[in-house]
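Given next are the chains, with one letter for each unit.
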Amino acid sequence: MEVITRRDADQAVDLVARIMEMRIRAKPDAVLGLATGRTMEKVYARLVASGVSFAQCSSFNLDEYIGLSADDPNSYRTYMQEHLFSKVDIDIANTHVPDGAASDLKAASRDYEDRIRALGGIDVQLLGIGEAGHIGFNEPLSSLMSRTRDKALTPTTRAQNAGMFGGDPERVPKRALTMGVGTIIDARELILLATGTAKASIIARAVEGPITSMVSASALQLHPNCKVIVDEEAAAELQGRNYYDFVFANDPEWAEFRD
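Residues numbered from 1 in each chain as written. Predicted model: local features only at pLDDT ≥ 70, side-chain atom pairs only at ≥ 80, totals over all residues. Heavy atoms only, no water.

### Things to note about the overall build of the protein
In plain terms, the rule: We count a stretch as a helix when DSSP gives it H or I for four or more residues in a row; a strand needs E for two or more, and each element gets its number in order from the N terminus. In this description the radius of gyration comes from C-alpha coordinates, and the expected globular size is given by 2.2 Å times residues to the power 0.38. Three exposure classes are used, based on accessible area relative to the maximum for each residue type with a 1.4 Å probe and protein chains only: buried under 20%, partly exposed in between, and exposed over 50%. Any two residues whose heavy atoms approach within 4.5 Å at even a single point are treated as in contact.
A tally of regular secondary structure across the protein gives eight helices and 10 strands. At 17 Å, the protein has a C-alpha radius of gyration in line with the 18 Å of a compact globule built from 259 residues. Projected onto its principal axes, the C-alpha positions of the protein cover 50 × 40 × 35 Å. Within the protein, the fraction of its 259 residues that count as buried is 54%. When contacts within the protein are restricted to residue pairs at least 6 apart in sequence, those whose partners lie at least 24 apart make up 79%.

### Here's the deal with the pattern of salt bridges
Put simply, the rule is: Salt bridges are defined by distance alone: a side-chain nitrogen of Lys or Arg within 4 Å of a carboxyl oxygen of Asp or Glu.
Taken as a whole and judged by the stated rule, the model has 17 salt bridges. The salt bridge involving Asp 123 is made with Arg 188; its shortest N-O contact spans 3.0 Å. Of the two residues, Asp 123 is situated in the loop between helix 4 (105-118) and strand 6 (124-127) and Arg 188 in the loop between helix 6 (181-185) and strand 9 (189-194); the sequence distance between them amounts to 65 residues.

### What about the pairing of strand 3 (residues 58-61)?
Which entries qualify depends on this criterion: Whether two strands pair depends on DSSP finding at least two bridges between them. Handedness rule for crossovers: strands pointing away from the viewer, path from the first strand over the helix to the second running clockwise, crossover right-handed.
Burial along strand 3 is two-sided: the residues Ser 58 and Phe 60 and Ser 59 and Asn 61 are all buried. Across four bridges, the pairing between strand 2 (residues 31-34) and strand 3 is parallel. Within the sheet, the bridge partner assigned to Val 31 lies in strand 3 and is Ser 58. In this fold, strand 2 hands off to helix 2 (residues 38-50), which returns the chain to strand 3; that crossover is right-handed. Bridge analysis of strand 3 against strand 5 (residues 95-96) gives two bridges, and the strand direction is parallel.

### A short note on the sheet that holds strand 2
Spelled out, the test is: Interaxial angles span 0 to 180 degrees and are taken between N-to-C directions of axes, which are lines fitted to C-alpha atoms, for helices over the stretch in contact.
Taken in spatial order, the seven strands of this open sheet run 1-10-9-6-2-3-5, and their pairing is parallel. The outermost strands of the open sheet, each flanked by one partner alone, are strand 1 (2-6) and strand 5. Contacts between helix 4 and the sheet are confined to strand 3 and strand 5, with strand 3 contributing the most and set at about 150° to the helix.

### Examining helix 2
At 3.6 residues per turn, the α-helix brings residues three or four places apart onto the same side. Under the convention used in this document: Expected span of a helix: the number of residues minus one, times 1.5 Å. Here, the arc refers to the directions that run from the helix axis to the C-beta atoms.
For helix 2, which comprises 13 residues, the first-to-last C-alpha distance of 19 Å matches the rise-based estimate of 18 Å (1.5 Å per residue) to within 8%. Residues Met 40, Val 43, Tyr 44 and Leu 47 constitute the buried set of helix 2. What you see down the axis of helix 2 is that its buried residues fit within an arc of 95°, all on one side. Seen from the open side of helix 2, the exposed residues pointing more than 90 degrees away from its buried face are Arg 38 and Ala 49. Looking at the buried side of helix 2, the elements it contacts are helix 1 (9-26), strand 2, helix 3 (76-83), strand 6 and strand 9. One or two residues past the end of helix 2 sits Gly 51, with phi positive at roughly 80°.

### Some points on the packing of aromatic side chains
What counts is decided by this rule: Two aromatic rings from Phe, Tyr or Trp, using only the six-membered ring of Trp, form a pair when their centres are within 6.5 Å; if the ring planes differ by under 30 degrees the pair is stacked, by over 60 it is edge-to-face, and anything between is tilted.
According to the stated counting rule, one finds eight aromatic pairs in the structure shown. Ring centres of Phe 60 and Tyr 112 lie 5.6 Å apart, and the angle between their planes is 80°; this geometry places the pair in the edge-to-face category. In this pair, Phe 60 sits in strand 3 while Tyr 112 sits in helix 4, placing the two residues 52 residues apart along the sequence. Ring centres 6.5 Å apart and planes at 65° place the aromatic pair Tyr 243 and Tyr 244 in the edge-to-face group. You can call Tyr 244 buried: its relative accessible area is 15%. Here a set of aromatic residues connected by ring pairs shows up, and it is made of Tyr 65, Tyr 76, Phe 137 and Phe 165.

### Overview of the environment of Pro 210
The topology assignment puts Pro 210 in the loop between helix 7 (200-208) and strand 10 (226-231). For Pro 210, a relative accessible area of 64% gives the class exposed. Residues Pro 210 and Gln 221 lie 11 residues apart in sequence; the distance between their C-alpha atoms is 9.2 Å. If we ignore the near neighbours within four places in the chain, the residues touching Pro 210 are Arg 205, Ser 218 and Gln 221.

Written out as structure tokens, the structure reads:
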């Protein structure tokens, strides 16, 4: 794992977008794992502005609320359409979001895993982190070997996501379909983006704390090619900050990204 701290949220977002753009240009038919959220909106806006072609790419989103149809204004399919898919040249047939409206959620989950495997796995997976420590909707006590499945959401997660539902946590669906921790860890590269003071404590626990199912993001410590990119506020509680900064300043891999 490498932890890169940028001065502010804009710089952190810019670094993530630049890495994603480089990966797509290097492998035009990349299989992308995509995430949602307000910070990701800025990443997608930068990717759109870059002009990079998504024509040969395929994508898989991390999760979707159960009970929302694809055309529901609060669905993650709608989110992706609005913030990325409608603005680039990706083939919509090659974009995948879990089917939260499926009549058989277990079958839909198996199908999602099958489609990922059929394309050879995910090349690079974008991630955010919830205040409960989740990646995807892998809430506390999620198995670190879990696969795509349905999960009940914590009150913390529903409160955090209430802004997209008129500010009312009670309007946030209680369950979601999500890639499992094991599904996420199978990706060849992971990039987690976190900004703001609200994420400082959980980032420190995920990066430097014990690996535990109580903080599903801590499983990223097991991945051989994981990058955690944060701003100064989200980095505030990291104990190893001096070393992480030294790596960024001296590792040739990061030379072109240094200011």
